[in-house]
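Summary of structural features
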Amino acid sequence: MRLDIISIFPEYFAPLDVSLIGKARERGTLDVRVHQLRDWAHDVHKTVDDTPYGGGPGMVMKPEVWGEAIDTVIGAPGEAPPPRMIVPTPSGRPFTQELAQELAGEPWLLFACGRYEGIDSRVMAEYSARLRVDEVSIGDYVLAGGEVAVLVMVEAVGRLLPGVLGNAQSAVDDSFAPGSMRNLVEGPVYTKPPVWRGHEVPAVLLSGHHGNVARWRRDEAIRRTVRNRPELAAALDPETLDKHDRKLLEELSFRLQPEDMAN
Ligand code: 97T
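Here we take up the overall build of the protein. Per the secondary structure count, the protein includes 10 helices and nine strands. Relative to a compact globule of 263 residues, whose C-alpha radius of gyration would be 18 Å, the protein shows 24 Å and is clearly more extended. Each principal axis of the C-alpha atoms in the protein carries an extent, and together these give about 70 × 45 × 40 Å. Classification of the 263 residues of the protein by burial places 38% in the buried group. In the protein, the share of contacts with a sequence separation of at least 24, taken over all contacts with a separation of at least 6, comes to 74%. Entry remark: accessible area of the protein is about 15600 Å², with carbon and sulfur atoms responsible for 54%. Looking at the protein, you have 29 positive and 39 negative side-chain charges, and the mean spots of the two groups are 7 Å apart.

The structure is reproduced here in structure tokens:
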């Protein structure tokens, strides 16, 4: 997979030299190219922003500079199938594991990092006519720019590429998990020693009883989901819940929809 990233802070992307993504780049699984947007600015000050039309605070990134940068990176029309373009912005569609999986199937992604109040909207309009453009948010908080959002997305997408995670682990991941577990967060995990500073590992995990271990893990996953992600708990599909699950949810004073209580 080829990844192009355009930013006024290429130094932000140093982490892509290390760990999983760094190894994938060394092996040639990933071809990451980071570009300095200011290389396409023409004035002596390498200006990339200007004041917003209609007034208001902050600065907006200039369309001409972005246009020249993107034209150069994507090359002449018809030269190669164009990339999908991703623009991080707090007003974008949510970045989810589903979108990460979709992007992992693409041969070429172009990330455009905005700073200040964002990129002149005509840039997205212009390229929407030539390639698939998605404005994407990584969550409901405000960053100083798109760079960290791109790091998040590149890591989430990169680990899904064949051979990046090491096959043993990727199999254990989402695809192998039973359907119902996909809507629950993970429970707690433990390793040796069995007692640490007086804290004991739950006895069931040392019991060797695989059925009891599986049931305990599911209970813990349900407890944590109710506590930390009530909106996920509320959306649980009753078809994926057994009697034990329903009893536990009741104990946690969590109520299913009345129509589901008959089951
Ligand atoms: O807050 C931002 C500023 C610039 C670019 C992206 C973001 C953002 O992306 N997801 C959440 C916030």
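Our next topic: a nonpolar patch on the surface. Residues Phe9, Tyr12, Tyr141, Leu143, Val148 and Val152 make up a contiguous nonpolar surface patch of roughly 480 Å² in combined accessible area. Examined against the element boundaries, Val148 turns out to sit in helix 5 (residues 147-158).

Turning our attention to unusual backbone geometry. Residue Pro193 follows Lys192 across a cis peptide bond; omega there is 5 degrees. Of note, Pro193 is situated in the loop between helix 6 (167-172) and strand 8 (195-196). Within the chain, Ser19 stands out as a residue other than glycine whose phi angle is a positive 60 degrees. Considering the arrangement of structural elements, one finds Ser19 in helix 1 (residues 19-27). Take Ser19: its relative accessible area is 52%, and that puts it in the exposed class. A positive phi angle, near 50 degrees, is found at Arg197, a position not held by glycine. Looking at the element boundaries, Arg197 is found in the loop between strand 8 and strand 9 (199-200).

Glancing now at the pattern of salt bridges. This model, assessed by the stated rule, comprises 21 salt bridges. With a shortest N-O distance of 2.8 Å, Glu102 and Arg84 are connected by a salt bridge. Note that Glu102 is positioned in helix 3 (residues 97-104) and Arg84 in strand 5 (residues 84-94), a separation of 18 residues in sequence. By relative accessible area, which is 33% here, Glu102 ends up partly exposed. Glu106 is paired through a salt bridge with Arg84; the nearest N and O atoms lie 3.3 Å apart. Of the two residues, Glu106 sits in the loop between helix 3 and strand 6 (108-112) while Arg84 sits in strand 5, which places them 22 residues apart along the sequence. Residue classification places Arg84 among the buried positions, given a relative accessible area of 5%. Connected through salt bridges with shared partners, the residues Arg84, Arg93, Glu102, Glu106, Arg132 and Asp134 form a single ionic network.

The rules behind each value
- Residues numbered from 1 in each chain as written.
- Predicted model: local features only at pLDDT ≥ 70, side-chain atom pairs only at ≥ 80, totals over all residues.
- Heavy atoms only, no water.
- Helix = DSSP H or I, 4+ residues; strand = E, 2+ residues; numbered from the N terminus.
- Rg over C-alpha atoms; globule rule 2.2 N^0.38 Å.
- Buried < 20%, exposed > 50% of the residue type's maximum accessible area, 1.4 Å probe, protein only.
- Contact = heavy atoms within 4.5 Å.
- Areas by Shrake-Rupley, 256 points an atom, 1.4 Å probe, with all protein chains shown as cover.
- Lys, Arg positive; Asp, Glu negative; His and termini not counted.
- Charge placed at Lys NZ, Arg CZ, Asp CG, Glu CD.
- Patch = residues over 30% accessible without salt bridge, like charges linked within 9 Å, V, L, I, M, F, W, Y side chains within 5 Å.
- Salt bridge = Lys/Arg side-chain N within 4 Å of Asp/Glu carboxyl O.

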